[in-house]
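# Observations on the model geometry
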Amino acid sequence: MNGHGRSGRRPTLEEVAVRAGVGRGTVSRVINGSSKVSEQTKAAVEAAVTELGYVPNRAARALAANRNDAIALVIPEPEARFFAEPYFSEVVRGVGAALSETDIQLVLTLAGSDRERRRLAQYLSGHRVDGVLLVSVHAGDPLPELLAELGIPTVISGRRSAAETLPCVDSDNLEGAAEAVRHLLDRGRRTIATITGPLDVYGARCRLDGYRQALAAAGRPVDERLVAVADFTEDGGRRAMRELLERSPALDAVFASSDVMAAGARLELRAAGRRIPSDVALVGFDDSVVARHMDPPLTSVRQPIEEMGRTMARMLLERVSGGRGSVTGAGGPSVVLQNRLVVRESS
């Protein structure tokens, strides 16, 4: 067999367990050389592995020998934002997919308040996890430094600055935003506003830079009255849109730095009697489920969010298992994935 089973895809740990008539954990113990398995069970698992052509993930095997068998996914955001923002669920999905063939437990932790962060610091100080995936890091957040002090392998989603020192996975926020603005310019829009995320988030600053660079490259002056700062929430998008309409009633396009903020902007535009896209074109960022279900459907910059989650998890598995090399093809401790614009009726 070639390691991909008869169907051409890679067999899973669960399929080996079913074929051998044992539990998933038993298969993992056999693969990792545990002595706590009978010879009869070991023979059954090995036969199933051979028949299916199962090839264990090297990093996952090494990690399975550690004492905790747990990874923390830490999101330093309030609970309300976690459940309202599709970005986070897609990251979780990607991380879960990468860990699905291991015995590693995923510990999801929200740390949006000072009290939650203190509890998290105490928990991590006990070295109860083998590594940490850190998502949505704001400038000045003490968590990365705490993790470094504790010696806990860490991978973050989204750089804190251009000089990021931790292993990280990000998307090309600047070019994604620039592509969105170029699209609006190509559609003949002349007064293009933007709604940014919080500017203590490096990715939000990059999207604002992309907006400014695209306008400058087209010979358009950047009017700071057309820039409104929000917080990646629907209410924030609505407030920012109201502010922009007051400052520049003649605007004919808006680039919002997230789909959720674009949804809030759409509500405010409708309340003001502005039609989308005939009066005001609207573009978002993420290409989440929000974009596909808006009316009209939202043009949006698609981030490979689930792939970002998978890549983060694979990178952390490598580091925890003793490797310091990059994910295959990544070319270093930082991985930057490409975005693409998905054009729909809103623009």
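Scroll up for the structure.
Right, let's walk through the structure included here. (Residues numbered from 1 in each chain as written. Predicted model: local features only at pLDDT ≥ 70, side-chain atom pairs only at ≥ 80, totals over all residues. Heavy atoms only, no water.)

### Points about the pairing of strand S3 (residues 131-135)
Put simply, the rule reads: Only protein chains enter the accessibility calculation, which uses a 1.4 Å probe; a residue is then buried when its area is under 20% of its type maximum, exposed when over 50%, and partly exposed in between. Where helices and strands are cited, they refer to DSSP runs of H or I of at least four residues and of E of at least two residues respectively, numbered from the N terminus. A pair of strands is treated as paired once DSSP finds two or more bridges between them. Handedness of a crossover is defined as follows: with both strands directed away from the viewer, a clockwise route from the first strand across the helix to the second makes it right-handed.
In terms of residue burial, S3 counts as a mostly covered element, since 5 of its 5 residues are buried. The alternating pattern of S3 places Gly131, Leu133 and Val135 and Val132 and Leu134 on opposite faces, both of which are buried. Two elements, strand S1 (residues 70-75) and S3, share 4 bridges in a ladder whose sense is parallel. Looking across to S3, one finds that Ile71 is bridged to Gly131. Of the pairings in the sheet, the one linking S3 to strand S4 (residues 154-157) comprises 4 bridges and is parallel in character. Paired with Val132 across the bridge in S4 is Thr154. Handedness of the crossover joining S3 and S4 through helix H8 (residues 143-150): right-handed.

### Examining the pattern of salt bridges
Applicable threshold: Whenever Lys or Arg places a side-chain nitrogen within 4 Å of a carboxyl oxygen from Asp or Glu, that contact is recorded as a salt bridge.
What the rule picks out here adds up to 21 salt bridges. Ionic pairing is found between Arg182 and Glu175, a salt bridge with its closest N-O pair at 2.4 Å. Taking relative accessible area as the criterion, Glu175 reaches 32% and is therefore assigned partly exposed. A salt bridge links Arg242 to Glu268, with the nearest nitrogen and oxygen atoms 3.3 Å apart. Linking Arg242 in helix H11 (residues 234-247) with Glu268 in helix H12 (residues 259-271), this pair joins segments that are 26 residues apart in sequence. The exposure class of Glu268 is buried, given its relative accessible area of 10%.

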